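Listed below, chain by chain, are the residues.
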Amino acid sequence: MLQILKLFCNFVAVMEDLLRSKKLSVTDFRVSVLEIFNRYSSAITSDQIESELGEFDRITLYRTLKTFKEKGVIHEIALTDTDTVYALCLDDCIEDEHIHHHEHVHFKCDNCGNVFCLDIPAYPDLNLKGFRVDRMDIQVFGKCEACSC
Ligand SMILES: [Zn+2]
Ligand SMILES: [Zn+2]
Ligand SMILES: [Zn+2]
């Protein structure tokens, strides 16, 4: 029990540091939303966040997600034929003028429907002469670890 409590305290401290590093004030609500993200290994929909929160104010949640997106705490993933999902930004996310630069791919499992942010060894350099690439979203479809065994 003490161990769990200790882990939880550490977790809250980590989330508080994350908020502060993004120059966001620490509120209980923000921490609990981050806690929900941390509970999942996959990206989640706003419906999932809502059901996990139980009692909440919809406008506060909407604003929180918007702020998190703008500050590079979370990113929105809009895959073809899939509900929009959200995931925590990984360490390598550079958020610049509200454009997220991630060097990972988005994998959607055709079986369970979960969407994952996955690192790849090398991100492709497209070398498009005369064109400036601001964003690149690599979508991968298949079966996730849990579904493929
Ligand atoms: Zn990001
Ligand atoms: Zn799956
Ligand atoms: Zn991602």
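Cut-off values and rules
Residues numbered from 1 in each chain as written. Chains lettered and ligands numbered in written order. Predicted model: local features only at pLDDT ≥ 70, side-chain atom pairs only at ≥ 80, totals over all residues. Helix = DSSP H or I, 4+ residues; strand = E, 2+ residues; numbered from the N terminus. Buried ≥ 20, exposed ≤ 12 C-beta atoms within 10 Å, placed from the backbone. Contact = placed C-beta atoms within 7 Å. Pairing = 2+ DSSP bridges. Axes fitted to C-alpha atoms, helices over the stretch in contact; angles between N-to-C directions. Core = buried A, V, L, I, M, F, W, Y, C linked by C-beta atoms within 7 Å. Expected span 1.5 Å × (residues − 1). Arc of directions from axis to C-beta.

**Observations regarding the overall build of the protein**
Phase 1 of the analysis: The helix and strand tally for the protein stands at 5 helices and 7 strands.
Phase 2 of the analysis: In sequence order, the secondary structure elements of the protein are arranged as α-α-α-α-β-β-β-β-β-β-β-α.
Phase 3 of the analysis: Along the longest, intermediate and shortest principal axes, the C-alpha atoms of the protein span 55 × 40 × 30 Å.
Phase 4 of the analysis: Among the 149 residues that make up the protein, the fraction classed as buried is 15%.
Phase 5 of the analysis: Intrachain contacts of the protein at a sequence separation of at least 6 include 51% that bridge at least 24 residues.

**What to know about unusual backbone geometry**
Phase 1 of the analysis: One non-glycine residue, Lys 23, lies in the positive phi region at around 60°.
Phase 2 of the analysis: The exposure class assigned to Lys 23 is exposed, which follows from the 7 C-beta atoms found within 10 Å.
Phase 3 of the analysis: One non-glycine residue with positive phi stands out, namely Asp 81, at about 60°.
Phase 4 of the analysis: With respect to the helices and strands, Asp 81 occurs in the loop between β1 (74-77) and β2 (85-88).

**Considering the sheet that holds strand β7 (residues 139-142)**
Phase 1 of the analysis: If you walk across this open sheet you meet the 3 strands as β6-β5-β7, and the pairing is mixed. Of all the strands in the sheet, the pair left with one neighbour each is β6 (115-119) and β7. Averaged over all pairs of adjacent strands, the angle between their axes in this sheet comes to 30°, without regard to strand direction.
Phase 2 of the analysis: Note that strand β5 (residues 104-109) and β7 share 4 bridges and pair parallel. Bridge pairing in β7 places His 106 opposite Gln 139.

**Regarding the nonpolar core**
Phase 1 of the analysis: In terms of nonpolar packing, the biggest core is built from 14 residues, with Ala 43, Ile 74, Val 85, Ala 87, Val 115 and Phe 116 touching the most fellow members.
Phase 2 of the analysis: Mapped onto this core, the elements with two or more residues apiece are β1, β2 and β6.
Phase 3 of the analysis: Beyond its immediate chain neighbours, meaning those up to four positions away, Phe 116 contacts Ser 42, Ala 43, Phe 107 and Cys 144.

**Notes on the environment of Asn 111**
Phase 1 of the analysis: Checked against the element boundaries, Asn 111 lands in the loop between β5 and β6.
Phase 2 of the analysis: Separated by 71 residues in sequence, Asn 111 and Tyr 40 place their C-alpha atoms 17 Å apart.
Phase 3 of the analysis: When near neighbours in sequence (up to four residues on either side) are disregarded, Asn 111 contacts Lys 143 and Cys 147.

**Some words on helix α2 (residues 28-39)**
Phase 1 of the analysis: Here α2 spans 17 Å end to end across 12 residues, near enough to the 16 Å set by a 1.5 Å rise per residue.
Phase 2 of the analysis: Of the positions making up α2, those classed as buried are Arg 30, Val 33 and Leu 34. The buried residues of α2 occupy one face: seen down the axis, they fall within an arc of 100°. Opposite the buried face of α2, at more than 90 degrees from it, the exposed residues are Asp 28 and Arg 39.

**Brief notes about the pairing of β5**
Phase 1 of the analysis: The pairing of β5 with β6 spans 5 bridges and is antiparallel. Within β6, the residue paired with His 106 across the bridge is Cys 117.
Phase 2 of the analysis: Here β5 hands over to β6 after 5 residues, with Gly 113 in that stretch at a positive phi of 85°.

**A look at the environment of Thr 84**
Phase 1 of the analysis: As for its placement among the helices and strands, Thr 84 is situated in the loop between β1 and β2.
Phase 2 of the analysis: On the neighbour-count criterion, Thr 84 (12 C-beta atoms within 10 Å) is exposed.
Phase 3 of the analysis: Through-space distance from the C-alpha of Thr 84 to that of Ile 59 is 18 Å; in sequence the pair is 25 residues apart.
Phase 4 of the analysis: Setting aside residues no more than four positions away along its own chain, Thr 84 makes contact with Glu 76, Ile 77 and Ala 78.

No statement about biological role is implied by the geometric values presented.
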